[in-house]
Amino acid sequence: MTENRARIRWGRTLASGFGLLLVALSVQAWSRHFSHEFMTDYLSYWAAGKLTLAGDPAGAYDVAKHRAVEFSVTEFKGLNPFPYPPPFLLLVAPFSLLPYMWGFAAWVVVTFAAYLLLTRRAIETPYALAHPPVLMNGLIGQNGFLTAGLFTAGTAMLRERPFLAGAILGCLVIKPQLALLLPVAVIAARLWPAIAGALATAGVLGLVSLALFGASAFIGFWNILPLYTELMRQDKWPWNEFISVFAFLRYFGVDQTVALSVHAVVAAAAVALTWIAWSRNWKNQVPILAAATLLVPPYLLTYDALLMIIPMGFWLKDRERARLVGLLWLLCFLPIAFYFNLYRGPNTVPLAALLFLGVCVADRLRGGRKGLVAADVDHAHLV
């Protein structure tokens, strides 16, 4: 017992140290940004917000207009468009009231604070800090802190407070590809209040966006989506920046049709496993949902791997899984190391998701490890 407690304390200390290092690296990078404005992913948000504040929200989806606002800050090669639904403009526009770099800093600080607050039920703060994609989101100002926080907080309370959970998860209308499996889970579990909550929040955000920005913004969003399909079809992105099975296979030169077919099979298996876990009320249903979510959309990037804190947090509660948690962490770290020229291989996040799901299935086939799987009961019949 004493040895186990010492191991836990050592793990927390190590995680805290690494997490603070990631934060320090982000802050150090910010100092460079303030001295010489760099292109970041947040620049896309800031430009979209500036156009919205100027009374042209549809311009956020006009590549030429959007790019002109970005170039008012700094020039760069390639494209950095705005591919998010109009409700996302409600979030980014206030930050665009600030100069670019102050808006960037405010966006990262606010969403990072939300991430730490909303993920406390799933994983202890030191481990949430030490998750490698924290650095990626901190450096480029992406939305991973916000979306991971919403996903984690909402799924954690789906069984206990389904309407409130659904209302939180409805906010993922800002990034719908992360919500693809949520209907599967709530329908399988017959959590009808969660569906009502999600529809209420998504509906309010949609109607407010429509009233403020007009139908032209929604049309612009719809029209920009084929651009991303075409960029992927023409191999315009480094495949190791994506965390899908499709991109993993494309990295090795697998034919596009074959890669997409394999991806579809894996996605279908992820959907099936999610349905089984939630319909039978497995204890690990929430981490299964998180890992499976990363395997369904072909278009997810490294910063979205923050969702892996849910499977990692689940295994951290099982003290016998420490080595597997370390392996998940490493598989999430390698794609981050790519950006520092420390790793040149494929994106290994899908391997982390597959590893977690594979172990869950293996445990179930062996009859379930003690403490990992709850009995398959329908709580509606427990009085």
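Fair warning: this is a prediction, and the values are worked out from it, not measured in the lab. (Residues numbered from 1 in each chain as written. Predicted model: local features only at pLDDT ≥ 70, side-chain atom pairs only at ≥ 80, totals over all residues. Heavy atoms only, no water.)

> Would you explain the environment of Pro 57 in this entry?
In this fold, Pro 57 is placed in the loop between α2 (42-53) and α3 (63-71). Considered as a pair, Pro 57 and Ser 209 are 152 residues apart in the sequence and their alpha carbons are 9.9 Å apart. When sequence neighbours within four positions are dropped, the list of residues in contact with Pro 57 reads Leu 51, Thr 52, Leu 89, Phe 213 and Ala 217. (Helix = DSSP H or I, 4+ residues; strand = E, 2+ residues; numbered from the N terminus. Contact = heavy atoms within 4.5 Å.)

> I would appreciate a short explanation of the confidence of the model for the protein in the present structure.
Considering every residue of the protein, the mean pLDDT works out to 88; 86% of them sit at 70 or more. Contacts of residues 369-383 to residues separated by more than four positions or lying in other chains number 27 contacts, the stretch itself having pLDDT below 50. (pLDDT = per-residue confidence, 0-100.)

> Hey, could you run me through unusual backbone geometry in this one?
Negative phi values dominate among residues other than glycine, just as trans dominates among peptide bonds. Positive phi is not limited to glycine here, since Asn 281 has a value of about 55°. Inspection of the secondary structure assignment puts Asn 281 in the loop between α14 (256-279) and α15 (285-293).

> I would appreciate a short explanation of a nonpolar patch on the surface in the present structure.
A grouping of Ile 187, Trp 192, Trp 275 and Ile 276 is seen on the molecular surface, where their side chains present a nonpolar patch of about 380 Å² in accessible area. On the secondary structure map, Ile 276 appears in helix α14. Residue Ile 276 is classed as partly exposed on the basis of its relative accessible area of 30%. (Patch = residues over 30% accessible without salt bridge, like charges linked within 9 Å, V, L, I, M, F, W, Y side chains within 5 Å. Areas by Shrake-Rupley, 256 points an atom, 1.4 Å probe, with all protein chains shown as cover. Salt bridge = Lys/Arg side-chain N within 4 Å of Asp/Glu carboxyl O. Buried < 20%, exposed > 50% of the residue type's maximum accessible area, 1.4 Å probe, protein only.)

> I keep staring at α15 and nothing clicks. Help me out?
An α-helical turn contains 3.6 residues, so a residue and the one three or four places further along point in the same direction. Most of α15 is tucked away, with nine of its nine residues classed as buried. Taken as a whole, α15 has its buried residues at Gln 285, Val 286, Pro 287, Ile 288, Leu 289, Ala 290, Ala 291, Ala 292 and Thr 293. Looking at the buried side of α15, the elements it contacts are α8 (144-156), α10 (182-188), α14, α16 (309-316) and α18 (349-365).

> I keep staring at the nonpolar core and nothing clicks. Help me out?
As a rule of thumb, soluble globular proteins bury nonpolar side chains together. Of all hydrophobic cores here, the largest spans 111 residues; its most connected members are Phe 82, Trp 107, Tyr 115 and Trp 278. Setting aside its immediate chain neighbours within four residues, Trp 278 contacts Leu 158, Arg 159, Ala 185, Ala 188, Ala 189, Leu 191, Gln 285, Val 286 and Leu 289. (Core = buried A, V, L, I, M, F, W, Y, C linked by side-chain atoms within 4.5 Å.)

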